[in-house]
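Overview (structure and organization)
Each chain, written out:
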Amino acid sequence: MQQKEYADIALGLPVRKPFHYRVPPSLMDKAEVGKRVLVPFGPRKLVGYIVGFVGKPDIEGVKDIISVIDQEGPAISAELLSLTKWIAEYYRSSWGEAISAALPGAIKKGKIKAAPRNPAPEDIYEATKNYKPTLEQASALKPIFESISGGRNDVYLLHGITGSGKTEVYLQSIELALKMGKTAIVLVPEISLTPQAIEWFKSRFGGVVAVLHSRLLDTERFIEWKKLKDGAARIAVGARSAVFAPVSNLGLIVIDEEHETSYKQDDAPRYNAREVAIERARISGATVILGGATPSIETYHKALSGEYKMLKMTERIEKRSLPKVDIVDMRQELLDVKDAKIFSRALEHAISQVLNKNGQVMLLMNRRGFSTFINCRKCGHVVKCRHCNVSMTYHYDIKKLSCHYCNYQADPPAKCPKCKSGDIQYFGVGTQKIESEAARIFPAARIARMDTDATVKRGSHKQILDDFRKHKLDILIGTQMIAKGHDFPRVTLVGVISADTALNLPDFRSGERTFNLLTQVAGRAGRGSEAGRVIIQTFSPDHYAVRKSVDHDYAGFFDEEIKFRRELGYPPFNHIIDIKLRGRNEERVIKAAHDLAAVLAAHIEGKDIDLVGPAPEFISKIKGQYRWSMFLKGSKPRDMCGYIDKALEGLAGKSAVTIAVDVDPLGL
Ligand code: ADP
Ligand code: ZN
Ligand code: ZN
């Protein structure tokens, strides 16, 4: 029998070392790897997780575990323990932080049972049957079936254009996994985890589906989690954290829209659920399907190189044509029309045509609010947030200026705060302005707006989409929230008010983002029997991300993009590790950034690693915190992390500045 006198306890603290506690004889029977325990920590009592047992530690005053919380089995399985260990090492977090990310809130708080509650009545779903696969679906399913039935840890990239029927491939693959007595996890981006998407799974598989998403209350989440852990549910459908679904005997993980940024967690552990899923599947011998119309450059590169297996679906179901995409060059529009408007002539004309034919229109504007900045015509002063270095956005509904980074609100000034001039102008277009313009031009149309302002109320999101689906609305205006996943057969026109908002961001992924967004939103048009049309307004009609989206040409886009990545040594040719510094005192932040950079530069000297920066970030202050960063670029993330650790050791004690390290960041 293993000695259990001392235990390694992982605590959900940002300290990357094990904590040792003694297991008192009274708890020896109950103590088990994966179980939660209560331990003393300074004056506090914390919930921790037993991750191993050790010999007598070399230190004095080892404290006793107070109690073992889990009476029956461990809260976290051996499989998830190895997975979280991998996360902690790769993404440079503590093991405890990674374990905390993997468990629902109720469990982390040390509760044994969720608060008693009357379960909401289950929605009734009409059962659906499998479609007979199309030729393309069949040829994708064949190798996937072989992998699942052979229990092979293969990773597939299912690159299928929008409307090609990827969901049916997922559903039939899951069905096979279930038939073999295995379980499945389906990850979808939070934004497309709509009631409609959930319905697809529930109506095919009924009660064995558990759904995990951020709109759930703690208790609801716990109930879903418990169903999976007990084996009552065998399919987990959810956003990022569903990669930790407590299923056993995992056969398949599906990641839809694998390029989505919402798979990356913003705070520690800063993991990407796609990479975690691939690692989990490796540990469990499961098959992985990465799906999408616009794969991430990293994933597509791996599929081309043979590391992943490429499956293509190039036709829409029932041979529906892809929408015709037209570009409106807004530079020309401004030359032609003196008083040019938000809607170009072409877009306005197209909208009225569709409305006349009783069709539906979606308009994409990737910014909330009414006017995105206001300034003084006399002295040029721009009204900025008092806590952040960003302009305030005017919100028409509440008649206030609002900061989109910290939510600070203020009344719009009647006079310039600087020069007292009354000549204040409202610039920049947000969704609210589009809404009011559309209402002015098309007074008879029924219009709704969907963005985070419009959907803060629980359920309003579903209500708007339902109304649109039932054709109680003619025009739906929204941010990228409307771009993903929805299937509205009566939408024959999609208008992109500006392709430039994403393109102009100072990030090496801006081209990729733009291409993805344009392709996704275009995919909403023409999903019914009538052909669809897309109109993209832009000041950069010659950018390849815009041009290639006109032809729905992912491969062509990839060829251009990969050249640029190769030239500059960006991913997938290297890994990036971002180091972010934050603090209220600007001078200290700057000094810490330069000190760290100097030490880091010495550590990486002669190695094949680049240090870029330090520099202030694009938004140099948020919520009163100044923001500087630098990043390392190189092929071996573990080595780079090692150098960062060494450099940070030497700088210990600069507590006024917080430093966060982000491995494989999705935004710079
Ligand atoms: P994607 O996810 O690739 O964008 P979807 O999975 O939404 O595409 O499929 C588009 C539409 O085609 C959906 O309404 C779906 O129900 C339907 N569909 C999928 N497979 C078939 C099939 N084999 N036969 C008929 N209709 C299908
Ligand atoms: Zn002024
Ligand atoms: Zn602010």
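So, here's what we can say about the structure. Once a new chain begins, its residue numbering starts again from 1 and follows that chain's sequence as written. Each chain takes a letter, starting from A, and each ligand takes a number, starting from 1, following the order in which they are written. Totals for whole chains, interfaces and linings use every residue, but because this is a predicted model, local features are given only for residues with pLDDT of at least 70 and side-chain atom pairs only at 80 or more, for both listing and counting. The side-chain numbers reported here are obtained from all heavy atoms of the structure, hydrogens and water having been left aside.

1. Focus: the overall build of the chain
Within the chain one finds 19 helices and 27 strands. To get the radius of gyration, use the C-alpha atoms; to get the globule rule, take the number of residues to the power 0.38 and multiply by 2.2 Å. Relative to its length of 668 residues, the chain is compact, with a C-alpha radius of gyration of 27 Å against a globular reference of 26 Å. We call a residue buried when its accessible area falls under 20% of the maximum for its residue type, exposed when it is over 50%, and partly exposed in between, using a 1.4 Å probe and counting protein chains only. Expressed as a percentage of its 668 residues, the buried residues of the chain come to 54%. As displayed, the chain has an accessible area near 30000 Å², and 51% of this comes from carbon and sulfur atoms. Of the charged side chains in the chain, 98 are positive and 79 negative; the average position of the first set lies 4 Å away from that of the second. Starting at the N terminus, helices and strands are each numbered in turn, a helix being any DSSP run of H or I of at least four residues and a strand any DSSP run of E of at least two. Each accessible area value is a Shrake-Rupley result obtained with a 1.4 Å probe; residue values ignore everything except the protein chains displayed when judging cover. Neither His nor the chain ends contribute to the count of charged residues, in which Lys and Arg are positive and Asp and Glu negative. Charge placement uses NZ in Lys and CZ in Arg. For Asp and Glu, CG and CD serve respectively.

2. With respect to the pairing of strand 22 (residues 491-496)
When you tally the buried positions in strand 22, you get six out of six residues, the bulk of the element. Strands are labelled as partners when DSSP assigns at least two bridges between them. Relative to strand 23 (residues 533-538), strand 22 runs parallel, the two sharing four bridges. Across the sheet, residue L493 finds its bridge partner in strand 23, namely R533.

3. Observations concerning the packing of helix 9 (residues 297-305) against helix 17 (residues 554-568)
Lines fitted to C-alpha atoms define the axes, with helix axes restricted to the stretch in contact, and inter-axis angles between N-to-C directions lie between 0 and 180 degrees. Close contact between helix 9 and helix 17 brings their axes to 11 Å; oriented N to C, the two are set at 100 degrees. By the angle class used here, helix 9 and helix 17 are roughly perpendicular. Counted together, I297, Y300, H301 and L304 of helix 9 and Y554, A555, F557, F558, E561, I562 and R565 of helix 17 form the full contact between these two elements. Its residues assigned to classes, the contact of helix 9 with helix 17 shows eight nonpolar, one polar and two charged. Oblique is the label for every angle not falling under 35 degrees (roughly parallel), over 145 degrees (roughly antiparallel), or within 65 to 115 degrees (roughly perpendicular). Two residues qualify as a contact provided that any one of their heavy atoms is within 4.5 Å of a heavy atom in the partner residue. Any residue outside Ala, Val, Leu, Ile, Met, Phe, Trp, Tyr, Cys, Pro, Asp, Glu, Lys and Arg is labelled polar, Gly included; the first ten of those are nonpolar and the last four are charged.

4. Some details on the nonpolar core
Across soluble globular proteins, nonpolar side chains show a tendency to be buried alongside one another. Side-chain atoms within 4.5 Å link the members of a nonpolar core, which is a set of buried Ala, Val, Leu, Ile, Met, Phe, Trp, Tyr and Cys residues. Ranked by size, the top nonpolar core spans 111 residues in total, and within it I87, F244, Y271, V276 and L476 carry the most contacts. Ranked by size, the runner-up nonpolar core spans 29 residues in total, among them V169, V211, L311 and M313.

5. Focus on the coordination of the zinc ion (ligand 2)
Distances from the zinc ion (ligand 2) to its protein donors, C376 (SG), C379 (SG), C416 (SG) and C419 (SG), fall within 2.3 to 2.4 Å. Only nitrogen, oxygen and sulfur atoms count as donors, using a 2.8 Å cut-off from the metal that widens to 3.2 Å for Na, K and Ca. Water is left out, so coordination shells may look unfilled. Only two sets of limits are used to name each site, 85 to 135 degrees for every angle of a tetrahedral four-donor site, and over 155 degrees for opposite donors with all other angles from 65 to 115 for a square planar four-donor or octahedral six-donor site, with any other site named irregular. In this structure, the zinc ion (ligand 2) is coordinated by four donor atoms arranged in tetrahedral fashion, with angles at the metal of 104 to 112 degrees. For the zinc ion (ligand 2), the single-chain donor residues occur in sequence as C-x2-C-x36-C-x2-C. With C379 in the loop between strand 15 (373-376) and strand 16 (393-395) and C416 in the loop between strand 18 (409-410) and strand 19 (424-427), this residue pair connects regions lying 37 residues apart in the sequence. Residue classification places C379 among the partly exposed positions, given a relative accessible area of 34%.

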